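Chain by chain, the residues:
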Amino acid sequence: MFLANRVVVLAVVLLAVVMIGFTITRSTGTPLYASLGVAVSEAIIEQRAEEMGLNEPIVVQFWTYLTHLLQGDLGVSRISRIPVAEDIALKLPATAEMVFFTLVVSFIWAIPLGVRAGLRPGGRLAKLGEGMAQFGVSVPAFWLGLLFIFLLYFLPPRINFVIPVIDLAVGPFPPLFPPPLGRLGGVDPPAMVTGFYTVDALIAGDFRLAWEALWHLILPAVTLSLTSGPPLFRVTRTAVSEALASPFVEAAYSYGLGRRTVLIRDVLRNASPPVLNLAAMTFGYLIGGGVLVEVVFSWPGIGSYAVWGMDNSDYDVVLAVVIIAAVIYVILYFIVDLIQFAMDPRLRD
Amino acid sequence: MNSGPADGALLTLSGVEVTINTLSGPVHPLQGVDLEVFPGETVGLVGESGCGKSMTLRSILRLMPPGGAITGGTVEWQDRSVLDLDTDELQTYRGSEVAMIYQNPVTALDPMLSVERQIVDAFKANREVLDGAPEEFAREALRDLEFGNPDAILKRYPHQLSGGMAQRVNIALALACGPSLILADEPTTGLDMTTQVRVLDLLEQQVHARNAALLFISHDLRAVARVARNIGIMYAGRVVEFGPRERILTEPSHPYARALLECVDLRTDERPRSIPGLVPRMTEVYPLCAFRERCVSRMAVCDEEPLPRHELGGRRRLLCHLGPGHD
Ligand SMILES: Nc1ncnc2c1ncn2[C@@H]1O[C@H](COP(=O)(O)OP(=O)(O)O)[C@@H](O)[C@H]1O
Ligand code: SF4
Ligand SMILES: [Mg+2]
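Residues numbered from 1 in each chain as written. Chains lettered and ligands numbered in written order. Predicted model: local features only at pLDDT ≥ 70, side-chain atom pairs only at ≥ 80, totals over all residues. Heavy atoms only, no water.

## A word on the overall build of chain B
Counting its secondary structure elements, chain B contains 10 helices and 12 strands. In terms of C-alpha radius of gyration, chain B reaches 20 Å, essentially the compact-globule figure of 20 Å for 327 residues. When each of the 327 residues of chain B is scored for burial, the buried share is 56%. Restricting to contacts in chain B with at least 6 residues of sequence separation, those with at least 24 account for 65%. Only carbon and sulfur atoms are counted for the fraction: they give 49% of the accessible area of chain B, which is about 14000 Å². Seen as two clouds, the 33 positive and the 44 negative side-chain charges of chain B have centres 4 Å apart. (Helix = DSSP H or I, 4+ residues; strand = E, 2+ residues; numbered from the N terminus. Rg over C-alpha atoms; globule rule 2.2 N^0.38 Å. Buried < 20%, exposed > 50% of the residue type's maximum accessible area, 1.4 Å probe, protein only. Contact = heavy atoms within 4.5 Å. Areas by Shrake-Rupley, 256 points an atom, 1.4 Å probe, with all protein chains shown as cover. Lys, Arg positive; Asp, Glu negative; His and termini not counted. Charge placed at Lys NZ, Arg CZ, Asp CG, Glu CD.)

## Considerations on helix α5 (residues 84-119) of chain A
The end-to-end C-alpha separation of α5(A) is 49 Å, in line with the 52 Å expected for 36 residues at 1.5 Å each. Its maximal kink placed at Ser106(A), α5(A) deviates by approximately 40°. (Expected span 1.5 Å × (residues − 1). Bend = angle between axes of the 7 residues up to and from the residue.)

## Digging into the interface of chain A and chain B
Opposite the 21 residues of chain A that make contact, chain B presents 29 residues. Across the chain A/chain B interface, buried area totals approximately 2200 Å², and carbon plus sulfur atoms make up 58% of it. For the pair chain A and chain B, the number of links is two salt bridges. The salt bridge involving Glu250(A) is made with Arg58(B); its shortest N-O contact spans 2.7 Å. Counting every contact that joins chain A to chain B gives seven residue pairs in polar contact (both at pLDDT 80 or more). (Buried area = accessible area lost by both parts, 1.4 Å probe. Salt bridge = Lys/Arg side-chain N within 4 Å of Asp/Glu carboxyl O. Polar contact = N/O pair within 3.5 Å; in protein donor to acceptor, adjacent residues only side chain to side chain.)

## Side note on the site of ligand 2
Near ligand 2, the surroundings consist of His254(B), Pro255(B), Cys289(B), Phe291(B), Arg292(B), Cys295(B), Ser297(B), Cys302(B), Cys320(B), His321(B) and Leu322(B). Considered class by class, the residues forming the shell around ligand 2 number seven nonpolar, three polar and one charged. (Near = heavy atom within 4 Å. Nonpolar A, V, L, I, M, F, W, Y, C, P; charged D, E, K, R; others polar.)

## Focus: the site of ligand 1
Residues and elements named next belong to chain B. In the vicinity of ligand 1 there are 14 residues, among which Gly50, Gly52, Lys53, Ser54 and Met55 approach most closely. Residue serine 54 places a side-chain N or O atom 2.7 Å away from an oxygen atom belonging to ligand 1. Contact between ligand 1 and methionine 55: an oxygen atom at 2.8 Å from a main-chain N or O atom of the residue. For ligand 1, whose unbound accessible area comes to 560 Å², protein coverage reaches 69%.

## A look at the environment of Gly68(B)
Residue and element names in this part refer to chain B. Along the chain, glycine 68 turns up in strand β4 (residues 68-77). Note: C-alpha distance between glycine 68 and arginine 238 (170 residues apart in sequence) is 17 Å. Setting aside residues up to four positions removed in sequence, glycine 68 forms contacts with Thr19 and Ile20.

## Looking at the packing of helix α13 (residues 302-311) of chain A against helix α14 (residues 315-343) of chain A
Residue and element names in this part refer to chain A. It is at 8 Å that the axes of α13 and α14 come closest, and there the two elements cross at 150°. With respect to α14, the element α13 is oriented roughly antiparallel. As α13 runs across α14, the sense of the crossing is left-handed. Contacts between α13 and α14 involve Ile302, Tyr305, Ala306, Trp308, Gly309 and Met310 from the former and Val317, Val318, Val321 and Ile324 from the latter. Counted by class, the contact of α13 with α14 contains nine nonpolar, one polar and no charged residues. (Axes fitted to C-alpha atoms, helices over the stretch in contact; angles between N-to-C directions. Parallel < 35°, antiparallel > 145°, perpendicular 65-115°, else oblique. Left-handed = near helix turned anticlockwise from the far one by under 90°.)

Here it is as structure tokens:
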């Protein structure tokens with residue numbers, strides 16, 4: 001029942017996304033000039049419009065798009081003439097890997113600090129977390145990315161001077177991180193299995209390559225984590241402090257259960273649903289919301305791809321990215337629902 | 001003031017003070033609580049809401065809310081000081097020696113864990129060796145509380161229990177730990193009349209069957225009068241009068257006790273009237289009598305001298321300038 005309900009709701013949401021996206025992309029100017037240039041004759045334009053089905057009523061065009069979509073056909077890029085689905089199959093894993101590592105980084109700082117801040121408000125770690133959260137929400141992600149690139153890639157090789165009195169030469173240092181030019185520095189990628197270079201390299205047994213891929217991931221992931229982690233920190237803090245103040249936690253202590261047991265069995269368990277929910281939402285949001293960071297790091301993901309599509313008025317590209325981001329959102333939501341369903345007995349009745 | 005543990009008492013509180021630091025300043029809910037509980041007996045504490053009854057129970061278990069601390073007095077369990085127990089000893093003391101039953105039975109259970117898991121975990125925390133499967137003990141524990149189909153209840157989650165069932169589960173949980181003192185914080189306040197009577201009867205019966213003592217608190221004098229042999233009257237963080245039930249119910253000495261008694265008719269179930277005036281908010285320490293503003297017997301000395309304490313023999317005690325021998 002629960003499952004059936006969800007599936008129907010999700011299908012309706014997706015259909016709405018496709019309809020709205022389709023209407024917007026089709027109603028903002030004609031894609032003809034973009035693919036042909038402006039210096040062409042009326043006749044050619046007319047012929048091309050006929051070919052592309054642009055003379056059909058919009059409803060018919062939508063129907064055509066939808067039936068193709070359901071068969072996995074997302075159209076063809078009008079610029080590169082490559083099927084959009086093929087491009088997305090290459091670029092989506094790049095974005096997904098970056099977003100995945102972003103969450104890994106957030107699980108390293110935002111959630112532990114949030115737990116700590118909930119358990120001990122006003123403590124040093126609570127203040128550290130709040131400071132990081134304040135910083136994260138007040139700087140733009142692309143700016144932070146540029147700052148990291150400047151400080152950790154650009155600057156070290158340019159430090160080069162001599163301390164006068166003691167005659168000590170300082171620098172130049174090697175860059176701490178690779179140039180912001182994509183997922184690997186000119187090396188061949190590993191054979192495609194999952195599309196995550198770190199994982200594929202490990203599958204191929206190439207540890208150097210895995211390390212290289214990881215090294216390229218760190219700066220974009222840290223950048224995105226610092227700017228998308230603050231809500232995770234705050235929600236974790238609130239959830240933990242609310243759970244901690246529950247009567248059942250005091251009752252558990254009163255039966256003589258130890259602090260560790262109560263924290264894991266009662267506090268963290270009861271605090272986890274909202275955190276899990278937000279983590280999934282953050283993942284979904286970053287699939288499309290990390291665009292500027294992708295651009296800054298020349299990350300060949302679907303965000304960069306969408307920007308490229310927009311630059312060229314390549315509407316099928318833009319629409320496809322919107323739909324893919326929505327599908328991912330919806331699937332994540334569904335998975336989180338399933339997990340919460342398994343965890344929380346109240347949802348099962 | 002601190003006279004040390006009374007001979008043979010299970011639990012002795014002397015001059016217990018609690019301070020809670022809140023964002024809007026300190027609160028002083030307990031301002032010198034004296035109380036003894038002897039093995040196997042039933043003691044009741046009664047007082048209006050906000051008098052510090054729940055805080056008294058929490059201080060016995062050393063369970064303080066965030067920002068709260070026991071800032072004065074002593075809590076003795078037999079001949080040990082509860083305030084000096086280390087973490088391990090405290091864990092053993094909680095549950096195995098003293099267990100608590102809470103006012104809201106549903107929120108006192110973890111909503112995400114089955115009844116079975118909660119009882120079994122309490123068992124495991126308090127019994128070194130179990131001669132049998134813990135699930136079997138959990139089933140027995142529920143059967144003691146007159147659950148006809150314990151197996152079905154064990155599989156349930158708290159939201160699937162009615163208030164009365166949830167409170168019986170809480171009682172089973174507390175008893176499962178095998179304590180010699182049960183603290184009951186208004187255990188029937190949220191339940192309807194018939195369920196109240198049933199749950200109280202069960203509680204008394206099970207406590208007596210185990211020779212455990214019961215410290216029962218309620219704002220409802222009738223509920224306390226039903227179960228307790230000795231009754232303490234609590235006001236503004238102090239037990240202002242203590243004595244045997246018959247004495248407290250027929251000729252109480254403290255004006256507050258008399259006012260409480262006048263508000264209820266013990267022979268009917270009518271809703272009690274209330275005493276004019278309000279319980280203080282406990283943001284100050286009151287060296288003088290905190291009941292002065294509401295007291296009909298207030299004298300000049302009440303506004304000048306700190307509250308005296310009269311030991312009246314037996315276990316009777318009175319904190320009032322009137323003293324025992326008036327009218
Ligand atoms: N966590 C808390 N923070 C601040 N004040 C509290 C807290 N808990 C209780 N108090 C205050 O302590 C006093 C006694 O409370 P309580 O022991 O719950 O009373 P009772 O159980 O008799 O109704 C009240 O004035 C109440 O407002
Ligand atoms: S001490 Fe005075 S004011 Fe307080 S209750 Fe007794 S008579 Fe009343
Ligand atoms: Mg209370």
